[in-house]
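# Structural overview for review
These are the residues of each chain, in order.
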Amino acid sequence: MSKEEFTIVIQGPINETSLSNIPNYKKFGKVIVSYWDTDEVFEKDPDVTYISNPLPPREEAHGILEDSTFYWAICSTHYGVQASTTKYTIKVRSDEYFTDLSPFIEILLEDEEAIVCGNIFVRSGYECSFHMGDHVFGCKTKTIKNAYEKIYNYQNGINSPIPKWAIQGPNTAEGILGRSLYKNTKFAQTDIKFSFLERN
């Protein structure tokens, strides 16, 4: 395992569930915590990068459902992954923890172009195209940075008009993310390259 090549980005409101697992995450790579500056004060690990931003007003976002947290997840992850400097990034949620990231690492070291995700919420079929498991996934840092920046810019009105594939409602949040990741791989004009991990 080459932990120097990996960063784990924990995104979302500060939660003891993920904070308590940081010592374990550090076994697999560098750790970045991206959270909101309204979150409670907590003890920080000197070996971890912490990125705090104001909670953005959801009412001003474009192409999202009214009560969805998708916009906040996009912003929080975008801020976190932009700070990643390693070859690969694995993104996790702050309200969950994962004890063993080695299956992700093994697949990415075998195929650096892969997008590896847990299959908890993976769906197939035309109506759910590109629907991926977005609670935990990993890929090249360049891919995840570009994918999140694209959605972030659409949702914040930086780039317009927003394309149909990036509008939530007709498309699932997971499908939008999956499509954006795919569009930022070398396979975008050829064949999709997702790897789905079985949940034990």
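Values in this document were obtained by computation on a predicted structure and should not be read as measured data. (Residues numbered from 1 in each chain as written. Predicted model: local features only at pLDDT ≥ 70, side-chain atom pairs only at ≥ 80, totals over all residues. Heavy atoms only, no water.)

Take the nonpolar core next. In this structure, Phe137, Ile144, Tyr148, Leu177 and Leu181 are the most contacted members of the largest nonpolar core, which totals 29 residues. Leave out the neighbours within four places in its chain, and leucine 181 touches Ile115, Met132, Phe137, Cys139, Thr143, Ile144 and Ala147. Core analysis: the next-biggest nonpolar cluster, separate from the first, contains 23 residues, Tyr25, Phe28, Tyr50 and Val116 among them. (Core = buried A, V, L, I, M, F, W, Y, C linked by side-chain atoms within 4.5 Å. Buried < 20%, exposed > 50% of the residue type's maximum accessible area, 1.4 Å probe, protein only. Contact = heavy atoms within 4.5 Å.)

Quick look at the packing of aromatic side chains now. Using the criterion set out here, one finds six aromatic pairs in the structure. Between phenylalanine 42 and tyrosine 50, the aromatic rings sit 5.6 Å apart at their centres with planes inclined by 55°, giving tilted as the arrangement. An identical accessibility class is assigned to phenylalanine 42 and tyrosine 50; each is buried. For the ring pair tyrosine 79 and tyrosine 152, a centre distance of 5.8 Å and an interplane angle of 70° mean the geometry is edge-to-face. Of this pair, tyrosine 79 sits in helix α3 (residues 70-81) while tyrosine 152 sits in helix α5 (residues 141-155), and the two are 73 residues apart along the sequence. Stacked on the ring of tryptophan 72, the Lys or Arg arginine 58 has its end atom at 4.2 Å from the ring centre. (Phe/Tyr/Trp six-rings, centres within 6.5 Å; stacked < 30°, edge-to-face > 60°. Helix = DSSP H or I, 4+ residues; strand = E, 2+ residues; numbered from the N terminus. Lys NZ or Arg CZ within 6 Å of the ring centre and 35° of its normal.)

Quick look at the pattern of salt bridges now. This structure, assessed with the given rule, holds five salt bridges. With its nearest N and O atoms 2.5 Å apart, the salt bridge here joins glutamate 112 to lysine 87. Here lysine 87 lies in the loop between α3 and β4 (88-93) and glutamate 112 lies in the loop between α4 (102-110) and β5 (115-118), a separation of 25 residues in the sequence. With a shortest N-O distance of 3.2 Å, glutamate 113 and lysine 140 are connected by a salt bridge. Of this pair, glutamate 113 sits in the loop between α4 and β5 while lysine 140 sits in strand β6 (residues 136-140), and the two are 27 residues apart along the sequence. Here glutamate 113 falls in the buried class, since its relative accessible area comes to 13%. Ionic contacts of the salt-bridge type, sharing partners, join the residues Lys26, Asp45 and Asp47 into one network. (Salt bridge = Lys/Arg side-chain N within 4 Å of Asp/Glu carboxyl O.)

The geometry of α3 relative to α5 is characterised by a closest axis approach of 9 Å and an angle of 135° between their N-to-C directions. Between α3 and α5, the angle is such that the two are oblique. Crossing geometry of α3 relative to α5 is assigned as left-handed. The residues of α5 that touch α3, namely those facing Phe70, Tyr71, Ala73, Ile74, Cys75, Thr77, His78, Tyr79 and Val81, are Ile144, Lys145, Tyr148, Glu149, Ile151, Tyr152 and Gln155. Grouping the amino acids of the contact of α3 with α5 by side-chain chemistry returns 11 nonpolar, three polar and two charged. (Axes fitted to C-alpha atoms, helices over the stretch in contact; angles between N-to-C directions. Parallel < 35°, antiparallel > 145°, perpendicular 65-115°, else oblique. Left-handed = near helix turned anticlockwise from the far one by under 90°. Nonpolar A, V, L, I, M, F, W, Y, C, P; charged D, E, K, R; others polar.)

Distances and angles like these do not, on their own, reveal function.
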